[in-house]
Amino acid sequence: MLKSSQLVKAGSRILNATPLRASQFPCSPSSMATFFILSLVIALNFLPFHGNSVNLDVNHARQLSWTLNGEDDGVTMVQTRRHQSQKSCDLSSGKWVYDESYPLYDSNCPYLSEAVTCQKNGRPDSDYEKWRWQPHDCSVPRFDALGFLGKMRKKRIMLVGDSIMRNQWESLVCLVQSVIPTGRKRVTYSGPTMAFHALDFGTSIEFSWAPFLVELKKEMRGNKRILHLDLIEENARYWRGVHVLVFDSAHWWTHSDKWSSWDLIMDGSKAYKSMNPMVAYERGLTTWAKWVDLNLDPLKTRVIFRSMSPRHNRENGWKCYNQTKPLMGSNHPQYMIPQQTLVLKGLLARMQFPVYLQDVTPMSALRRDGHPSVYAKAIGRRYVDKQHTMAGSYSSDCSHWCLPGVPDSWNEALAVLLSN
């Protein structure tokens, strides 16, 4: 009996053969019989049958469409089969270039939090605002506010995560708001979300507070904070109907005991006083991944997961205070891929829904100069001078970013992703 591979080759030859004219068609009964028997066998091999059949339903076909092509490209590219132009350019690999034409707005943008307006808070240097990210294999266009709003016309884009994601949201709002007349923009609030509306475009740029993505609840009795690794709907109900979702979750999972955000971890009916942070992180993200797979349609919603924003503090061996320039080159000499990123990549590779991983960690690791440090609040010049001899005696924020600053480059890269 013919093997399947032989049948496929035979069928291919038959299907691709040049049609025979009537005068060329074999007329002998034995030839005709052989031809029809072979055709019947081929047809039967391609019909579904009970046993080891493959049922290619819609979801399975959707999964195959992004997992079978170029699996050696890594998660960042495997997850973006719909964004083929990004295959030729790794946006995370490049260098910082000084550009006098930057920043794209100033710290007087009315949508900035006090903690990130470093110039207004007394920071004496401003060169940190003038660096733009230059990938090795392509160029990231200067942010075009009108072009972005045109692309997002009648759409909702939501950034979901912690205070660093709000940092990015404020950056994105400031990048677009200057082209919108005063009376045609507003901010609204609903539960844990806030939304900037560009009324003439029907566009909303939203932020949803969910640092773990899964639910953190305070119990009625005892006032204990419980992190539920298997519950997400209380947060996820705000994500429905959004056209572009940008997620982030990393920092809150690794806070030390002193700064921990929970007293107890619940996973189903099991309670834990402590758990390996990366085990908890993977379980929580798995709940998120299942929700995305079951509730979102890739034809209606784009999903991007932004990688961890690096912290330049004592735990990494040095601080961000009094740093005025990026580390030069394309790689941080001490940079190691965070455990959170490794967990995230493994999870995204197993997902059915095509999620794009925007890896901002390597580029941001070079920018120890970009944090508020002691300028997270307004301080006088006299106190700043004192800090030069007492560096570190005042609370120094080496996690968030001054604006204008590094998150503007994240958003310029985001605009490239959304333009495809």
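Higher on the page you've got the structure.
Cut-offs and rules
- Residues numbered from 1 in each chain as written.
- Predicted model: local features only at pLDDT ≥ 70, side-chain atom pairs only at ≥ 80, totals over all residues.
- Heavy atoms only, no water.
- Helix = DSSP H or I, 4+ residues; strand = E, 2+ residues; numbered from the N terminus.
- Contact = heavy atoms within 4.5 Å.
- Expected span 1.5 Å × (residues − 1).
- Buried < 20%, exposed > 50% of the residue type's maximum accessible area, 1.4 Å probe, protein only.
- Arc of directions from axis to C-beta.
- Axes fitted to C-alpha atoms, helices over the stretch in contact; angles between N-to-C directions.
- Left-handed = near helix turned anticlockwise from the far one by under 90°.
- Nonpolar A, V, L, I, M, F, W, Y, C, P; charged D, E, K, R; others polar.
- Polar contact = N/O pair within 3.5 Å; in protein donor to acceptor, adjacent residues only side chain to side chain.
- Phe/Tyr/Trp six-rings, centres within 6.5 Å; stacked < 30°, edge-to-face > 60°.
- Lys NZ or Arg CZ within 6 Å of the ring centre and 35° of its normal.

1. Looking at the overall build of the protein chain
So, point 1. Along the backbone of the protein chain there are 12 helices and 13 strands.
So, point 2. Intrachain contacts of the protein chain at a sequence separation of at least 6 include 78% that bridge at least 24 residues.

2. Here's the deal with helix H9 (residues 339–350)
So, point 1. Between the first and last C-alpha of H9 there are 17 Å, a value that for 12 residues agrees with the 16 Å anticipated at 1.5 Å per step.
So, point 2. Those residues of H9 lying buried are Gln 340, Thr 341, Val 343, Leu 344, Leu 347 and Leu 348. Summarising the axial view, the buried residues of H9 lie within an arc of 160°, below the 170-degree limit, and thus occupy one face. In H9, the exposed positions angled more than 90 degrees off the buried face are occupied by Gln 339, Leu 342 and Arg 350.

3. What to know about the side chain of Ser 373
So, point 1. As for its placement among the helices and strands, Ser 373 is situated in the loop between helix H10 (361–365) and helix H11 (381–387).
So, point 2. Setting aside residues no more than four positions away along its own chain, Ser 373 makes contact with Cys 320, Tyr 321, Asn 322, Ser 395, Ser 396 and Asp 397.

4. A closer look at the packing of helix H8 (residues 277–295) against H9
So, point 1. Relative orientation of the contacting elements H8 and H9 amounts to 35°, with a least axis distance of 10 Å. For H8 against H9, the interelement crossing comes out right-handed. Contacts between H8 and H9 involve Met 278, Tyr 281, Glu 282, Leu 285, Thr 286, Trp 288 and Ala 289 from the former and Gln 339, Gln 340, Val 343, Leu 344, Leu 347, Leu 348 and Arg 350 from the latter.
So, point 2. Of the residues that constitute the contact of H8 with H9, the class distribution is 9 nonpolar, 3 polar and 2 charged.

5. Some thoughts on the environment of Arg 225
So, point 1. Mapped onto the elements of the fold, Arg 225 is located in strand E8 (residues 225–228).
So, point 2. C-alpha separation for the pair Arg 225 and Ile 265, spaced 40 residues apart in sequence, amounts to 8.7 Å.
So, point 3. Beyond its immediate stretch of four places on either side in the chain, Arg 225 contacts Leu 216, Lys 217, Lys 218, Ser 260, Ser 261, Trp 262, Asp 263 and Leu 264.
So, point 4. At a separation of 3.5 Å, a polar atom in the side chain of Arg 225 contacts the main-chain carbonyl oxygen of Ser 261.

6. Description of the packing of aromatic side chains
So, point 1. Across all of its chains, the model carries 15 aromatic pairs by this definition.
So, point 2. Note on Trp 96 and Trp 133: the rings are 5.2 Å apart at their centroids and 65° apart in plane angle, and the pair reads as edge-to-face. Remark: Trp 133 occurs in strand E2 (residues 131–135) and Trp 96 occurs in strand E1 (residues 94–98); sequence separation between them is 37 residues.
So, point 3. A residue is classified by how much of its surface remains accessible, and Trp 96, at 6% relative accessible area, is buried.
So, point 4. Judged by its relative accessible area of 5%, Trp 133 falls in the buried class.
So, point 5. One aromatic cluster is present, formed by Trp 209, Phe 212, Trp 252, Trp 253, Trp 262 and Tyr 281 through successive ring pairs.
So, point 6. It is Arg 123 that lies over the ring of Tyr 128; its NZ or CZ is 3.9 Å from the centre.

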